[in-house]
Amino acid sequence: MQEQASGAHHAQDAPSQQQMQRISRPRRISVLDGQDLKKAMIAGAAWLEERRESINALNVFPVPDGDTGSNMSATMQAAIRGIIDSQETAAGVIAARIAHDALLGARGNSGVILSQVLRGLAQGLEKKQTFTSLDLANALMEASRLASRAVIKPVEGTILTVVRDCAEAALASAQRGDDLVTLMHEVVTAARQSVARTPELLPILKQAGVVDAGGQGLCVIFEGIWHALRGEGRESRPFPAVGTSQGTPRRGRVNVEEEEYGYEVVFLLRGENLDVERIRQTIIDMGGVSTVVAGDEKLLKVHTHTQWPGKILDYGVSLGSLLDINIENLQEQSLAYAAESRAEHEQATRQGAAEGSSAESPASSVPIATVAVVSGPGFEKVYRGLGVSAIVPGGQTMNPSIEELLAAVNSVEAEQVIILPNNSNVILSAQQIPRLTSKQVEVIPTETLPQGIAALMSFNYNADLATNVQSMSAAARRIQTAEITTAVRAVQIDGLRVREGDIIGLINGNLAVAGSSLEGVINDLLQRMHVERYELLTIYYGEGTSEAHAQETAARIKQTYSHLEVEVVDGGQPYYTYIFSVE
């Protein structure tokens, strides 16, 4: 850490009164190197971990869900784990390692967005041995840009707003000639003000009486960094992996939607002076959908969906050499519903394998695989009965990391993989996988476990990957899901007053019903779902709920809605007494 000199320095003399006054003044730091960056990031991670639970408490809905504080802290702990013992002094090298490890360790939407903030910082500091205030400001501007690009529909009043306000404050500070300590003070001030404004930008936060949890988490990280630069920060070894057993409610969220068309084309492009933005736009103009182009000027990962893969590959060849090309693959066995004949299912499997062996491509002998994020032993049994290839444990309060999802994808033999995240807070993490593996990976944005089940039921082993993704996505969208749990705090949202300890019901992730009686909440919930329009109701009962109680509940519902076919399944899910699925 290089500080600006202010007078003669006599290393061996006792400090004079003038020197003591100078020591007590705020630090002025003009330049930082890689070791300084390491210490600052470790301090930021420590501050975040210490305040993790207070960030978890910034709940919009008073229900257990993926907790922002835990997800962001887990991401930061992963980010610093690889640099903790590094003696590297180049800031660019340290920043690059932080960004790489943050992406692999990112959990939940907030963790993924945080990893993109760190990636932007790394790109801004690339090849730099040291950095100044202006360097850091420009890096924060890049961080803001990449964070916004991480989501398809950015929402104001979230962490995206906070990082943008911080970047703008940093740039203004640097242009005034401020040193790095002063700049970080301006960043922290901007972060605090921006977080305080989030309820005005996102009405749901104002109704719940909270600020955005992701923005607050980022603010805490910046505060830790600022205190470290002032000589007040604390260094810390990485904390153990953040526990996933603590219930936390749902945050203000950024929903991610993706359309799936045609063939999926994935390849690495090696060249010189590659222009990421121009290449991405050209592929989009050529008809590419869900296009992701990531990397640097020498090596890019390209992922797109198109009806004309040849055009995309021809364009890639014109720019450099192509590596790890993946376009199409064979079909997989039919995934039958659990109630179907097991013999019929096995026959379908053999038929799919036999058809696969006649394909020309060596890789085509490997079928399409499915990877699902599942919570609860009962649900795991259902998914395995439907033929899922791999299960990643996770869901409410236990969002899996990108690294865990990637490991599951790489563990299956198939070169084409469909991921079912089954939680709105896991979708964004899953959508990072295609650019991290040479396999062809599709993500169906299922937000609930019943949606994932419906998707698996619609799998057709005679169809190709693109057709399966379309049909499975459509099947998932037809499912309505209701969840019943106990409120962990009092809140009033959209005119609905909830007291701590109330039984509450959510429909498709939105708070809909609250009351003191479980039976009353169920009745109100079913009315609001308009179950009279549906034919099948499946009741998944959670851990701590007996099968007898679930059967009694089913009988009461059948008395009221005699037209309904009602099924009772042991889900074993934590936190939620019941999960209902209607179709």
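See above for the structure.
Keep in mind that what you see is a predicted model, and the values were worked out from it rather than measured.

Section: the sheet that holds strand β10 (residues 416-420)
Here's step 1: If you trace the four strands from one edge of the open sheet to the other, you get β9-β8-β10-β11, paired in parallel fashion. With one partner strand each, in any of the chains shown, β9 (390-393) and β11 (440-443) form the two edges of the open sheet. Strand after strand, the sheet turns through a mean of 20° between neighbouring axes, direction not considered.
Here's step 2: Packing of helix α16 (residues 402-411) onto the sheet brings it into contact with β8 (368-374), β9, β10 and β11, and relative to β9 it is tilted by some 165°.
Here's step 3: Set on the sheet, helix α19 (residues 465-477) makes contact with β8, β10 and β11; between it and β10 the angle comes to about 10°.

Some words on the sheet that holds strand β19 (residues 578-582)
Here's step 1: The strand order β16-β15-β12-β19-β17-β18 describes an open sheet built from six strands, whose pairing is mixed. With partners counted over all chains shown, the strands left at the sheet margins are β16 (510-515) and β18 (565-570), one partner each. Averaged over all pairs of adjacent strands, the angle between their axes in this sheet comes to 20°, without regard to strand direction.
Here's step 2: With six bridges joining them, strand β17 (residues 536-541) and β18 adopt parallel strand pairing. The residue of β18 that forms the bridge with tyrosine 540 is valine 569.
Here's step 3: Across the sheet, helix α20 (residues 518-529) lies against β12 (480-486), β15 (503-507), β16 and β19, angled at about 15° from β15, the strand it touches most.

Quick look at the side chain of threonine 538
Here's step 1: Summarising the element assignment, threonine 538 is placed in strand β17.
Here's step 2: Residue classification places threonine 538 among the buried positions, given a relative accessible area of 2%.
Here's step 3: Other than its neighbours up to four places away in sequence, threonine 538 contacts Glu567, Val569, Ile579, Phe580 and Ser581.

A word on the pairing of β10
Consecutive side chains of a regular strand alternate in pointing toward one face of the sheet and then the other.
Here's step 1: Of all five residues making up β10, five are buried, and the element is well covered by its neighbours.
Here's step 2: Pairing analysis gives five bridges linking β8 to β10, with the strands arranged parallel. Looking at the pairing, alanine 369 lines up with valine 417 of β10.
Here's step 3: Bridge analysis of β10 against β11 gives four bridges, and the strand direction is parallel.

Quick word on helix α18 (residues 449-457)
Here's step 1: Judged by how many residues are buried, α18 sits mostly within the fold: eight of nine residues are covered.
Here's step 2: The complete set of buried residues in α18 reads Leu449, Pro450, Gln451, Gly452, Ile453, Ala454, Ala455 and Leu456.

Section: the nonpolar core
Here's step 1: Grouped together as the largest cluster of nonpolar side chains are 100 residues, with contacts concentrated most on Met41, Leu118, Met184 and Phe222.
Here's step 2: For this core, the element with the highest residue contribution is helix α11 (residues 213-229), accounting for nine residues.
Here's step 3: In this view, leucine 118 contacts Met41, Met76, Ala79, Ile98, Ala99 and Ala102; residues no more than four positions away in its chain are not counted.
Here's step 4: Of all hydrophobic cores here, the second largest spans 24 residues; its members include Ile503, Val531, Leu564 and Tyr578.

Some thoughts on the packing of aromatic side chains
Here's step 1: If you walk through the whole model with that rule in mind, you get two aromatic pairs.
Here's step 2: A centroid spacing of 5.9 Å and a plane angle of 35° characterise the contact between tyrosine 578 and phenylalanine 580, whose relative ring orientation is tilted.
Here's step 3: Given a relative accessible area of 0%, tyrosine 578 falls into the buried group.
Here's step 4: For phenylalanine 580, a relative accessible area of 0% gives the class buried.

Some details on the packing of helix α4 (residues 68-81) against helix α6 (residues 108-124)
Here's step 1: Following both chains from N to C, one finds α4 and α6 inclined at 40°, their axes separated by 7 Å at the closest point. When the axes of α4 and α6 are compared, the crossing they make is right-handed. Along its contact with α4, which presents Thr68, Asn71, Met72, Thr75, Met76 and Ala79, the element α6 presents Gly108, Ser110, Gly111, Leu114 and Leu118.
Here's step 2: Residue classes in the contact of α4 with α6 are distributed as five nonpolar, six polar and no charged.

Some remarks on the side chain of threonine 198
Here's step 1: Considering the arrangement of structural elements, one finds threonine 198 in helix α9 (residues 180-201).
Here's step 2: On the accessibility criterion, threonine 198 (0% relative accessible area) is buried.
Here's step 3: Setting aside chain neighbours within four positions, we find threonine 198 in contact with Gly157, Val162, Leu205, Val211 and Asp212.

Points about the pattern of salt bridges
Here's step 1: All told, the structure shown has 17 salt bridges when counted by the stated rule.
Here's step 2: A salt bridge links arginine 107 to glutamate 404, with the nearest nitrogen and oxygen atoms 3.4 Å apart. Highlighted residues: arginine 107 in the loop between α5 (91-105) and α6 and glutamate 404 in helix α16, separated in sequence by 297 residues.
Here's step 3: One salt bridge in this structure joins lysine 128 and aspartate 135, with 3.5 Å as the shortest N-O distance.
Here's step 4: For aspartate 135, a relative accessible area of 18% translates into the label buried.
Here's step 5: Look at the salt bridges and you will find they share partners, linking Glu49, Arg52 and Glu53 into a network.

Some details on the environment of arginine 528
Here's step 1: Tracing the backbone through its elements, the reader meets arginine 528 in helix α20.
Here's step 2: Classification of arginine 528 by relative accessible area gives partly exposed; the value is 47%.
Here's step 3: In this view, arginine 528 contacts Ile507, Ala512 and Val513; residues no more than four positions away in its chain are not counted.

About the thresholds
Residues numbered from 1 in each chain as written. Predicted model: local features only at pLDDT ≥ 70, side-chain atom pairs only at ≥ 80, totals over all residues. Heavy atoms only, no water. Pairing = 2+ DSSP bridges. Helix = DSSP H or I, 4+ residues; strand = E, 2+ residues; numbered from the N terminus. Axes fitted to C-alpha atoms, helices over the stretch in contact; angles between N-to-C directions. Contact = heavy atoms within 4.5 Å. Buried < 20%, exposed > 50% of the residue type's maximum accessible area, 1.4 Å probe, protein only. Core = buried A, V, L, I, M, F, W, Y, C linked by side-chain atoms within 4.5 Å. Phe/Tyr/Trp six-rings, centres within 6.5 Å; stacked < 30°, edge-to-face > 60°. Left-handed = near helix turned anticlockwise from the far one by under 90°. Nonpolar A, V, L, I, M, F, W, Y, C, P; charged D, E, K, R; others polar. Salt bridge = Lys/Arg side-chain N within 4 Å of Asp/Glu carboxyl O.

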